[in-house]
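Inside the fold
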Amino acid sequence: MSALADRPANPVVGIRAPHESAALHVTGAAMYTDDLAAHTAGVLTAWPVQSTNAHAKVTIDVSGAYEVPGVVRVLTADDVPGVNDAGIKHDEPLFPDEAMFYGHALVWVLGETQEAARLGAAAVKVEYESLPSLITIQDAVDADSFQGIARTVQRGDAASALASSAHVFEGVSEFGGQEHFYLETQASFVTIDSEGQYFVQCSTQHPSETQEIVAHVLDLPSNQVTVQSLRMGGGFGGKEMQSHGFAAIAALGAKLTGRPVRLRLNRTQDITMTGKRHPFHISWKVGFDSDGLLQGLDAVLTCDGGWSLDLSEPVLGRALCHIDNGYWIPNVHALGRIVKTNKTSNTAFRGFGGPQGVFLIEDILGRVAPALGIDALTLREKNFYRTGQRTPYGQLVRDADRLGTIWNQLRDEADIDGRRDEILKFNADSAHAKRALTMTPIKFGISFNFAAFNQAGALVHVYKDGSVLINHGGTEMGQGLHTKMLQVAATALGLEMHQVRLAPTRTDKVPNTSATAASSGADLNGGAVKNACEQIRERMAAVAGRILNVDERDVRFEAGYVTGLGNLEQRLTFAEVAEAAYLQRVQLFAAGYYRTEGLHWNPEIMQGSPFKYFAYGCAATEVEVDEFTGAYTVRRVDIVHDVGDSLSPMLDIGQVEGAYVQGVGWLTLEELRWDTSDGPHRGRLQTQSASTYKLPSFSEMPSEFNVRLFEDAREDGAVYGSKAVGEPPFMLAFSAREAIREAVGAFGPEGHMVQLGSPATPEAVFWAVRAVQQAATDAHATPNRAGAHELAAVR
């Protein structure tokens, strides 16, 4: 296998290719899981009976459902032939006898139509024996309700460092979750063929795990279950684990009725039944020396896992590995723990704990900079990692100088210093609106923290006419992974993109795949696709060498043609060589495989090198805040982001833009609210739709949005020198939150630490403005209160 990062002459990777399904998307012709069900005769629809109690023992009478015309079957725990569990931790009963959250699916009704199934579900009677319910993180902490394994990352002696620091601050950082709100809700469609094979069409990021869960629910070997993921209308992590149980329900229904079964949640069901980004409560204490350099950090990160573990442990692990972001902290002690609450089981979400970890250090630096008397940009920059330094968990920060290079490039290109001078003048003349412009960096580790997941497979077929079909284990959720794999295959085989076709992701083509997650889809599957293509190309080179009368090592594949060094007279088409190879009985298909090298990680002590590399980036955001309403406008965004040597620049820029906007949504707009009263709807999610849950839209887009990919950034050891792009730029949105904080601070006295709620909604910003204005009044009345922020418990 050739060097993974090397590119041949005139590669197809690196061109600005459109998304492979773009035309289908914009014309509405793209098929999704539920569309496939709509084109099948005799399909039954599954509908849930949801709990209306946050925590209760349940007794269920399903007889009423059978009196509804069109109801065919009610699925209950008694129908499960295998394991009544939808997860991998055996703590997620598919049919529970104890409702664990408001909205929990208790049983499922199968109907000839959706309306019949819905009415049948309404006719099911549920009796509740209420049990104590825990809704908030504090509820769970007070009740000592923890789950999973607590982990600690530590280096040096944080307590001693804090004791000897010139400046010490302590506080609490709290932030909420985030709804995935993918365009396509959770959907599964299951048929059984004449041989007893279960064919599961599922909107899932992890087909192999869906296969495993369906098999253990039905008490079948995995070779009797095939899962296909054609495409998804968005995933963002919400379909990494949460899709399995819905597929298992549809498969169980198909087994019991012998008919195809579809399950597609409506929007309200999806929001009330599926997990979110994990909310965190973090208490911290931090020390700086007299020059503003970080000396020590002691923190306790408490993560709301919801009612079951799901992926909470690895999410917490990644959060602990990102509390440093791009900053050197010589002494660290960070404890992470997971609480169990009576809410939906929180799960993967773009960034997978990384944003929650980064939140801590960015919140700290943004808060304390005024009290230190240091500009926040200066404070951040002076604490950047330097060459040779390691993370608190022991990994060398390779290419550490790249962060400073990107920072300086962005600062110059976006004229940060000149614009900040203009903003100072604007603020001096504007009493009721203030502006701010700030920058934040990101250093994000790429790879699954669980080493075994860092592997991938592919299957590549070359047909006699020279056309190529590829399968790989990654799933397409709109991010452009399939497009990149087409570019990788075309490059490796020396073809043009139109000569390569990609087949849907299926477990009977590529087995034992990892989830398309952790931003690793292109790294892993690209490596596997390239490996398979190179096996075939080497075989074809031997055939072509004989025809061209050159050594096989001198055969070249490019743009659909095959030539030989030293033979200027003859040129073969790829198809001609494929035909000749077939006639010579040369194998024209190959299984490719890739495993990420150089990873080692001990989760017990949270030490090692869990990441293949770090992706870097910096963003600058300018905002304006209105005093009277707390409303803010994002005026301009400038980003320079490191994706290595890009496989597909147009797709990568789109990913950076989308990630930033989604990050701004989490940090400033999207607020999940549950009923925390002791009334009959305790635990009910109150933000169940787009009318009550605020999503970023065109009105939140900056009027000027500049994104540039960092140049000359080849990553050795990654496919064609590229880097992951899906998750890292999500955290560039901290620049928006920090700009809002600085704009709020402009309403108050110099040196005041601004506490900003999260999400920083207009309401939260309004109260933050009022708080700094009150601080100005207090400071005028008692001017000797300077420095009182230090060692004050802030919230």
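The structure we're discussing is the one just above.
Residues numbered from 1 in each chain as written. Predicted model: local features only at pLDDT ≥ 70, side-chain atom pairs only at ≥ 80, totals over all residues. Heavy atoms only, no water.

1. Notes on the pairing of strand β11 (residues 225–229)
- Burial analysis of β11 places five of its five residues in the buried class, which makes it a mostly covered element.
- Because side chains alternate across β11, one face comprises the buried residues Val225, Val227 and Ser229, and the other comprises Thr226 and Gln228, equally buried.
- Inspection of the sheet shows strand β10 (residues 198–202) paired to β11 by four bridges, in the parallel sense. Residue pairing in the sheet places Tyr198 in a bridge with Val225 of β11.
- The parallel pair β10 and β11 is bridged by helix α6 (residues 207–218), and the resulting crossover is right-handed.
- Where β11 and strand β20 (residues 505–506) come together, two bridges link them in antiparallel fashion. (Buried < 20%, exposed > 50% of the residue type's maximum accessible area, 1.4 Å probe, protein only. Helix = DSSP H or I, 4+ residues; strand = E, 2+ residues; numbered from the N terminus. Pairing = 2+ DSSP bridges. Right-handed = clockwise from strand over helix to strand, strands pointing away.)

2. Looking at the packing of aromatic side chains
- Per the stated rule, a full pass over the model turns up 22 aromatic pairs.
- Between Phe450 and Phe453 the ring centres are 4.8 Å apart and the planes differ by 80 degrees, which places this aromatic pair in the edge-to-face class.
- Looking at Phe450, the relative accessible area reads 51%, which means it is exposed.
- Centroid distance Phe557 to Phe574: 6.3 Å. Interplanar angle 70 degrees. Geometry classified as edge-to-face. Of this pair, Phe557 sits in strand β21 (residues 555–558) while Phe574 is found in helix α16 (residues 574–583), placing the two residues 17 residues apart along the sequence. (Phe/Tyr/Trp six-rings, centres within 6.5 Å; stacked < 30°, edge-to-face > 60°.)

3. Some points on helix α9 (residues 312–320)
- Judged by how many residues are buried, α9 sits mostly within the fold: seven of nine residues are covered.
- Of the residues making up α9, those classed as buried are Ser312, Val315, Leu316, Gly317, Arg318, Ala319 and Leu320.
- In this structure, the buried residues of α9 make contact with β7 (146–155), β13 (280–288), β14 (294–304), β15 (331–339), α10 (354–372) and β16 (433–446). (Contact = heavy atoms within 4.5 Å.)

4. Some details on the pairing of strand β18 (residues 468–472)
- Most of β18 is tucked away, with five of its five residues classed as buried.
- Judged by which residues are buried, β18 turns out to be covered on both faces: Val468, Ile470 and His472 on one side and Leu469 and Asn471 on the other are all buried.
- Both β18 and strand β19 (residues 500–502) contribute to a ladder of three bridges, which runs parallel. Looking at β19, one finds that Val468 is bridged to Val500.
- For the handedness criterion, the β-α-β arrangement of β18, helix α14 (residues 481–493) and β19 is classed as right-handed.

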